[in-house]
Amino acid sequence: MAALSPAAMPDRNTLRALAQAAARGEAPFQSCIVSVGAHTRVRNGKQESVSAYTRANPDCGEESDGSWIAVQDRGSVPPGYGQRLPGPQDPVGRLRSPIEIDRGTNPPADIRGRPYSGHALDRMQGRGLSPSAVENAVRAENLVRSSRGANLYWDPVNRIMVVVDPRTNTVITAIPRSTAPRR
Amino acid sequence: MTINAAHHGRTTPKDVLETISQFQKGQLRLAGLLDRLWAQIHDLSQERSVDMERLEDLWTDIEIAYAQASAENQTTLSAIQAAEVERAIEGMTEILRRAS
């Protein structure tokens with residue numbers, strides 16, 4: 001089933017399909033939406049949608065308190081329509097909202113053939129690490145561990161930890177540490 | 001490594017717990033949390049021993065999640081990354097509570 005798009009108000013059949021999908025746990029709003037429906041009326045002999053609504057699971061966070069969320073059909077897409085509500089699988093945590101990533105200072109760059117993320121360059125700049133010191137740490141014998149898409153290198157001489165994305169060989173962060181990282 | 005009383009930082013475990021609390025209340029962004037935790041962890045007063053190695057490892061776990069999200073141009077952490085951050089924060093909290 002196609003995901004809800006904010007470009008157009010779904011018709012009754014689409015809404016019914018959404019409700020059925022929601023009941024099966026397949027709705028594009030994921031499990032936050034427990035039902036989807038529509039109010040309709042007949043005008044000029046033709047049935048049309050007056051409003052569409054979704055009902056959110058109260059466990060889905062502060063934004064979805066279990067009340068009906070009306071989606072008015074007035075020829076334009078209402079604010080928030082088609083926007084996915086946070087689901088139980090979303091990173092709301094104690095904050096009950098996603099944890100945001102700030103845009104750093106530096107853009108990504110290649111230095112001597114090695115790609116660096118903007119965040120890595122920010123860290124290096126902030127902590128006075130040169131690219132040569134970082135490159136020196138990225139050696140097979142310095143690989144401490146490889147997990148969750150990150151290779152962690154530790155240079156015990158200069159006491160620098162460097163994290164590389166093994167898919168792209170990009171340095172994603174580099175920081176000095178006072179202790180050796182766990183293996 | 002557990003650092004001993006030779007280290008005379010002025011930050012207390014309670015100060016670090018307060019920083020974590022501010023983040024959990026939404027008063028501090030993740031980037032700010034990382035910077036402040038880093039500074040505070042390395043300025044911890046060692047009136048009572050703190051497992052510095054473990055704290056640095058947990059900080060590193062948060063940093064890696066952040067670095068990965070940033071490298072992918074994500075605007076928010078993924079569920080897995082956020083879970084990793086929360087797990088690390090819980091670990092830090094436990095260590096700091098024991099030391100405070």
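Details of the structure are given in the entry above.
A.B. asks: Before we move on, can you summarise the packing of helix α3 (residues 52-71) of chain B against helix α4 (residues 79-99) of chain B with the specific residues and values?
C.D. replies: All names here are of chain B. As a packed pair, α3 and α4 sit with axes 9 Å apart at the nearest point and diverge in direction by 160°. By the angle between their directions, the pair α3 and α4 is classed as roughly antiparallel. Taken as a pair, α3 and α4 cross one another with a handedness that is left-handed. Contacts from R54, L55, L58, D61, I62, A65, Q68 and A69 of α3 reach α4 at Q81, E84, V85, A88, G91, M92 and I95. Taken together, the residues of the contact of α3 with α4 sort by class into nine nonpolar, three polar and three charged.

A.B. asks: Any chance you could break down the interface of chain A and chain B for me, citing the residues and the numbers?
C.D. replies: Listed as interface residues are 30 residues of chain A and, on the opposing side, 30 residues of chain B. Those elements giving two or more residues to the side of chain A that touches chain B turn out to be α2 (118-127), β8 (160-165) and β9 (170-176) of chain A. Per element, the largest residue contribution to the side of chain A that touches chain B is four residues, and it comes from β9(A). Of the residues assigned to the side of chain A that touches chain B, the class counts are 12 nonpolar, 11 polar and seven charged.

A.B. asks: Go over the environment of A:A120, please, and point to the residues and values.
C.D. replies: By secondary structure assignment, the location of A:A120 is in helix α2. For A:A120, a count of 32 C-beta atoms within 10 Å translates into the label buried. Separated by 42 residues in the primary sequence, A:A120 and A:V162 have C-alpha atoms spaced 9.0 Å apart. Other than its neighbours up to four places away in sequence, A:A120 contacts A:V171, A:I172, A:T173, A:A174 and B:A67.

About the criteria used
- Residues numbered from 1 in each chain as written.
- Chains lettered and ligands numbered in written order.
- Predicted model: local features only at pLDDT ≥ 70, side-chain atom pairs only at ≥ 80, totals over all residues.
- Axes fitted to C-alpha atoms, helices over the stretch in contact; angles between N-to-C directions.
- Helix = DSSP H or I, 4+ residues; strand = E, 2+ residues; numbered from the N terminus.
- Parallel < 35°, antiparallel > 145°, perpendicular 65-115°, else oblique.
- Left-handed = near helix turned anticlockwise from the far one by under 90°.
- Contact = placed C-beta atoms within 7 Å.
- Nonpolar A, V, L, I, M, F, W, Y, C, P; charged D, E, K, R; others polar.
- Buried ≥ 20, exposed ≤ 12 C-beta atoms within 10 Å, placed from the backbone.

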